[in-house]
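If you want the building blocks of each chain, they are given just below.
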Amino acid sequence: MNGAAAMNRNRAVDWALMAYIVLAYAFVFAPIAASFVFSFNSDRFPSIPLGRFSLEWYRAVAADPLVWQGARNTLIVGVVVGVVSTALGFGAAYTDYRYRFAGKQVYLALALLPPTIPVIILGLAMLAFLSRINLSGNALSVIIAHVVLCAPFAMAIIRLRLSQMDPSLEPAAWNLGASEWMAMRHVIIPFCAPAILGALFITMAVSFDEFAVAWFVSGLNETLPVKVLGFLQGQVSPRINAIGTFVFILSMALVILAQLLLSGRGTRTAARE
Amino acid sequence: MSREPLVSFEGVEKRFGDFVAVQKLDFEIRKGEFLAIMGSSGCGKTTTLRMLAGLDAPTEGVIRLSGRPINDLPTWSRDTPMVWQSLALFPFLNVRENVEFALKMRGVDKAERRRRAGQWLDRMQIAEFAERNISQLSGGQRQRVALARSLVVEPEILLLDEPLSALDAALKVRMQSVLKNLQRETGITFVYVTHSQSEAFSMADRVVIMSRGRIEQIGTPQEIYRTPGTRFVAEFLGSSNIFTGTVAASGADGVVLDTAQGRLRLTAAGTRPAVGTRAALTVLDTKTSLSVDPPAGEANAVAVRMIGEEFVGATATIYLETADGKEIKVQKSHDELAGLPLAIGRSFHAWWGTSEGHLVAEA
């Protein structure tokens, strides 16, 4: 806190601001923390005082073959969605970086549009469309729907990275004997690598958490968030806390990993001055 | 250096939509020479270089390299490496990997790559930084990496696009001599694009001066400095006083020009424009003298009033104005100026011998 000291600010203001941040985080994370705590609680209903520490809900979850199936679906869908939407997003971002063409603004607006559509509407539209072409109700349909939702995130992340690249870098590679494909492989992709990995993790995380669209199109191949709703409709069970904790930790791990990559830590990327 | 052309531009034109970047370019680059292409921004010098590198395609005309037309050859199939203004070093590769890049793209095996890159790292005195990242290098060190990266393929020609513009003045001068020595030792043809007169004149064997997409003059630095080909060149160099007028007499013994500043005479050999045509006389500011009394004997003299003075190291530039408001410069050493009663507003005669100067045609 050298900066604050150097500015000779009022101590009380500093403390007040600090308290404000702590409260804001508490507000955001308290429900998640509660879910985390209750997932280890032996009582069936969430109440204070807590019962004893117990792993029985995790055991119950682990013993449920439907949960395993949901987890498997979620993982397969997440990984495929991450890879496909990152590839699509990279292509779209590179097109934007490399070429100038009529209607580019429209192209960009359309490419970035899907996340702004309310998910209920998107899910319903997906269901209507996919069932018409006999693709609804399986893992592939969830993958298609999630790619539509995730690719714009990947594009936005990679586009930002490309905008930081010296525009001479790619022509310099061509000039040194690299064909366009070689320049892509040896210059563009290495330069974008942190953003590509970041996009991969973010899109996976979005897919893991996404509920509404998956609910509409998944049919019998439910992903975990959809499964959780199924549990809730049947009975209130602390198993939900256990699943929630698991999904939360997985998503957070992905997001933090992406954040580390995108902030340039641990990469050899030069700071351009 | 030989007279043999390595590159020739034949009627080369480049248009971007309606904008003509370069028009009807006809010139040759000789094998082994250091050629500078100079002009202000937007004059087409960088476009010319990019066409030679294969980064822009000419709209019309033919570019030949060693006699072979290269218009349709993509940049990666030409041996025309370029040193970029931004240097464009690859930030995700270390120094050695940057230098090895072109060899890797050409499929040279690893051991050979390492050996050849090593030679250039040694030669450019950057071997000790071989494993460092680009971000850890100083400006001068980056410059050397960029040179090594381009020269590692041992090309016949090296293109340089204002590579020194980001350096501070002292480093710039040091890199100029590095470049000049490198060119002399390797015998590689250098084509150097710059807007800086001092860079072009201090390094180049020949200089091309461009303006608005055209070549104004090609020549050695001395030729261009002493006998500017056009009024534009004289004004661009900024080292001459220029007097515009009508030719009153023209013959073997000289030319007489009627100007707003009086009748001026030139006896030096050179062009002899027809009587009645418009022409401009350019006289170097270093060849122009200053005195209180009108000069004795055969000389051109113009009555002036002093308006300013500028200290330029070993010399000083005195700014003067004629009665009709034309500005004239005189550049002299401090010793030469010592005897003069220099003061703003003071009247002098600016004069030069009739054998000094050079005539250019006026449009």
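Residues numbered from 1 in each chain as written. Chains lettered and ligands numbered in written order. Predicted model: local features only at pLDDT ≥ 70, side-chain atom pairs only at ≥ 80, totals over all residues. Heavy atoms only, no water.

Caption draft 1: A look at the overall build of chain A. Check the secondary structure of chain A and you find twelve helices and zero strands. Counted from the first residue to the last, chain A has its helices and strands arranged as α-α-α-α-α-α-α-α-α-α-α-α. For chain A, the spread of C-alpha atoms along the principal axes amounts to about 70 × 65 × 30 Å. Of all intrachain contacts in chain A linking residues separated by at least 6 positions in sequence, the fraction that spans at least 24 positions is 72%. Side-chain charges of chain A comprise 18 positive and 12 negative groups, with the mean position of each set lying 2 Å from the other. (Helix = DSSP H or I, 4+ residues; strand = E, 2+ residues; numbered from the N terminus. Contact = heavy atoms within 4.5 Å. Lys, Arg positive; Asp, Glu negative; His and termini not counted. Charge placed at Lys NZ, Arg CZ, Asp CG, Glu CD.)

Caption draft 2: Region of interest: the interface of chain A and chain B. Residue-level contacts link 22 residues of chain A with 27 residues of chain B. The tally of links between chain A and chain B comes to zero salt bridges. Linking chain A with chain B are five residue pairs in polar contact (both at pLDDT 80 or more). Those elements giving two or more residues to the side of chain A that touches chain B turn out to be α8 (169–175) and α9 (180–209) of chain A. Split by residue class, the side of chain A that touches chain B holds 13 nonpolar, five polar and four charged. (Salt bridge = Lys/Arg side-chain N within 4 Å of Asp/Glu carboxyl O. Polar contact = N/O pair within 3.5 Å; in protein donor to acceptor, adjacent residues only side chain to side chain. Nonpolar A, V, L, I, M, F, W, Y, C, P; charged D, E, K, R; others polar.)

Caption draft 3: Summary view of the environment of S40(B). Here S40(B) lies in the loop between β3 (34–38) and α1 (45–53). Along the sequence, S40(B) and W84(B) sit 44 residues apart, while their C-alpha atoms lie 18 Å from each other.

Caption draft 4: Spotlight on the domain arrangement of chain B. All names here are of chain B. What the domain assignment reports for chain B is domain 1 (5–226) and domain 2 (231–361). Here the C-alpha centroids of domain 1 and domain 2 sit 38 Å apart. Taken residue by residue, the interface counts 14 residues in domain 1 and eight residues in domain 2. Summed over both sides, the interface between domain 1 and domain 2 buries roughly 890 Å², with carbon and sulfur atoms accounting for 70% of that surface. At the junction of domain 1 with domain 2, the criterion picks out zero salt bridges. Summed over the shared surface of domain 1 and domain 2, the result is zero residue pairs in polar contact (both at pLDDT 80 or more). Those elements that place two or more of their residues in the side of domain 1 that touches domain 2 are α6 (197–203), β9 (206–211), β10 (214–219) and α7 (221–226). For the side of domain 1 that touches domain 2, the per-class residue count stands at six nonpolar, six polar and two charged. (Domains from an automatic or database assignment. Buried area = accessible area lost by both parts, 1.4 Å probe.)

Caption draft 5: Examining the sheet that holds β9(B) more closely. Residue and element names in this part refer to chain B. Taken in spatial order, the six strands line up as β6-β7-β8-β3-β9-β10 in an open sheet, and their pairing is mixed. Strands at the two margins of the open sheet, each flanked by one partner only, are β6 (82–83) and β10. Bridge count between β9 and β10: five bridges; the pairing is antiparallel. In the strand pairing of β10, S211 is matched with R214. Helix α5 (residues 169–186) contacts β3, β7 (157–161) and β8 (189–194) of the sheet and is inclined by roughly 155 degrees relative to β8. (Pairing = 2+ DSSP bridges. Axes fitted to C-alpha atoms, helices over the stretch in contact; angles between N-to-C directions.)

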